[in-house]
Amino acid sequence: MSNSSRTGLAVAGLSLGTSLNPLNSSMIAVALVVLREDFGLDVATVTWVITAFYLTSAAGQPLMGRLADRFGPRRLFLLGMTLVAATCVLAPFAPNFALLCVARAFMALGTATAYPSAVVMVAALARQANVKSTRPLGRIQMANTSAAAVGPVVGGLLVSLVGWQALFLINVPLSLVAIFVVRRFAPADAARERGRVSELVRDSDLPGIGAFIGALVLVMMALLNVLPAYRWWLLGGGLLLAVLFAWRELRFRPPFLDLRLLGRNRPLLLVYLGFALFNGVYYFAFFGLPQLLQTAGGYDPGVVGILMLPLAAISVVGTPFAVRAIDRFGVRRVLIAGVVLLIVASGAMWLLTASLAVPLVLALTALLGVPYCVVAISSSQGMYVSTRPEERGVAAGIFQTCRYLGAITATVLIGIFYGSGVNQANWGLMVFVMLGLGALVLVVSLAWRERVKV
């Protein structure tokens, strides 16, 4: 088998594993009503099945990236997919809702290994096939971006045909296929850290990792308002842990996250900021529009899933073209063009204040899919070229965390704007916020410059 064929199969396996995290983060939304009925829950309690996944994914991605950098991306990917398969075999038999949330957390941790591991492997895959890094990275990013969009459609079919248990069981064959393909065709890991267990543990900066995860989880819990009576205590505790984390990382060698290097790496910081803001715009539409269509438009949930499908379809179709454009024009030009399209698409969403007709909704969701794929792959490539090879795992993990921060910010703001009612007038106000965030993304994108050549 040629190197090109082996690389293509390896990228396919990595892409399949990468898709599991965004897929499971979105398709569970259609099962909330069924879970409430099966376990006898109220509305607030059932959302923990989403919160557990979000918190674990956001906190786990940088940690998994750090482990991929240190001990090898291929073996970490295989370990993560094994955890997913084992968890999803057992989860449908959970005797209570608490254990089901624990299973979701373990599933999130396993799927969190995929994207950072894949990004670390990109350089080896590109060398193996003698292609530019944008080619394999684009395919991996395509899986990462499109899976979340198709999640509600896939989830709706599985829940209606089988039940909520199918949302776990579907991951078993998918993760096993990913394991087989990556194990068979992905390049072996290069030499990584070795030594006695005590030395590896000592150099792992466990207090720093703990402070990072604790700070992120507490702040996210405050933003999600999962414990309303303790919201400000959670926020205060998170900020205190963040200060302790920064103090620790500036003193410890080698740190979990090199804050001095990150502070000097302006391009990477701009990529993170721009990507978080961009996801705020995207998730305004992804979370806000279905509620508008169901409540104000009177559409059935199954129909709403289909109306959102063009976003995923355009993302899949458009990503290869975005990759070719990056190869030809460079990351910065394509990124700026994508952000301009994002602002245009966001402004067009104001038309929904006048009509929620099916043709208009389909056209607008398709229009939003264009900048979504362009900005996503450009940001991913910008992160890649702004990072040293030995740090791409943790950089990719933080990149994914920025996606969740953007999603959570959008969720909080949607709750504020829809607080007085899910209607077209409030949607119009949300469009102005989307335009404001889009303008900030444009400013950040104009300030970004590529420094590292691959």
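> Outline the nonpolar core, listing residues and values.
Counting residues in each nonpolar core, the largest one holds 140 residues, and the members touching the most others are Tyr272, Met383 and Trp427. For this core, the element with the highest residue contribution is helix α15 (residues 266-295), accounting for 16 residues. Non-local contacts of Met383, meaning those with residues more than four positions away in its chain, are made with Tyr115, Val119, Leu268, Val271, Tyr272, Ala395, Ala396 and Phe399.

> Give me the lowdown on α15, citing residues and values where you can.
Compared with an ideal rise of 1.5 Å per residue, which puts 30 residues at 44 Å, α15 spans 43 Å between its outermost C-alpha atoms and is within 8% of the ideal. The sharpest bend along α15 measures roughly 30° and falls at Gly288, with the proline Pro290 sitting one to four residues further on. α15 sits mainly inside the fold: 22 of its 30 residues count as buried.

> Explain the pattern of salt bridges to me, using residue names and the numbers behind them.
Considering all chains together, one arrives at two salt bridges under this definition. Asp189 is the salt-bridge partner of Arg75, the closest N and O atoms lying 3.6 Å from each other. Residue Arg75 is located in helix α5 (residues 73-90), and its partner Asp189 is located in the loop between α10 (171-185) and α11 (197-202); the two are separated by 114 residues in the primary sequence. The partner of Glu391 in a salt bridge is Arg388, with the nearest N and O atoms 2.9 Å apart.

> Describe the packing of helix α4 (residues 48-71) against helix α6 (residues 97-111), naming the residues involved and giving the relevant values.
The description of two packed helices rests on the angle between their axes and on the distance between the axes. At their nearest, the axes of α4 and α6 sit 8 Å apart, and the two run at 30° to each other. With respect to their mutual orientation, α4 and α6 come out roughly parallel. Taken as a pair, α4 and α6 cross one another with a handedness that is right-handed. Residues Trp48, Val49, Ile50, Ala52, Phe53, Thr56, Ser57 and Met64 of α4 form the contact with α6, whose own contacting residues are Phe97, Cys101, Arg104, Ala105, Met107, Ala108, Leu109 and Thr111. A class-by-class count of the residues in the contact of α4 with α6 yields twelve nonpolar, three polar and one charged.

> Outline the packing of α15 against helix α18 (residues 358-385), listing residues and values.
Taken N-terminus to C-terminus, the directions of α15 and α18 make an angle of 160°; their axes are 10 Å apart at the nearest point. Classified by the interaxial angle, the pair formed by α15 and α18 is roughly antiparallel. You can see that α15 and α18 cross each other, and the crossing is left-handed. Mapping the contact onto sequence places Leu268, Val271, Tyr272, Phe275, Phe278, Tyr282, Ala285, Leu289 and Leu293 in α15 and Val361, Thr365, Leu368, Pro371, Tyr372, Val375, Ala376, Ser379, Gly382 and Met383 in α18. Across the contact of α15 with α18, the residue classes break down as 16 nonpolar, three polar and no charged.

What counts, and where the lines are drawn
- Residues numbered from 1 in each chain as written.
- Predicted model: local features only at pLDDT ≥ 70, side-chain atom pairs only at ≥ 80, totals over all residues.
- Heavy atoms only, no water.
- Core = buried A, V, L, I, M, F, W, Y, C linked by side-chain atoms within 4.5 Å.
- Buried < 20%, exposed > 50% of the residue type's maximum accessible area, 1.4 Å probe, protein only.
- Helix = DSSP H or I, 4+ residues; strand = E, 2+ residues; numbered from the N terminus.
- Contact = heavy atoms within 4.5 Å.
- Expected span 1.5 Å × (residues − 1).
- Bend = angle between axes of the 7 residues up to and from the residue.
- Salt bridge = Lys/Arg side-chain N within 4 Å of Asp/Glu carboxyl O.
- Axes fitted to C-alpha atoms, helices over the stretch in contact; angles between N-to-C directions.
- Parallel < 35°, antiparallel > 145°, perpendicular 65-115°, else oblique.
- Left-handed = near helix turned anticlockwise from the far one by under 90°.
- Nonpolar A, V, L, I, M, F, W, Y, C, P; charged D, E, K, R; others polar.

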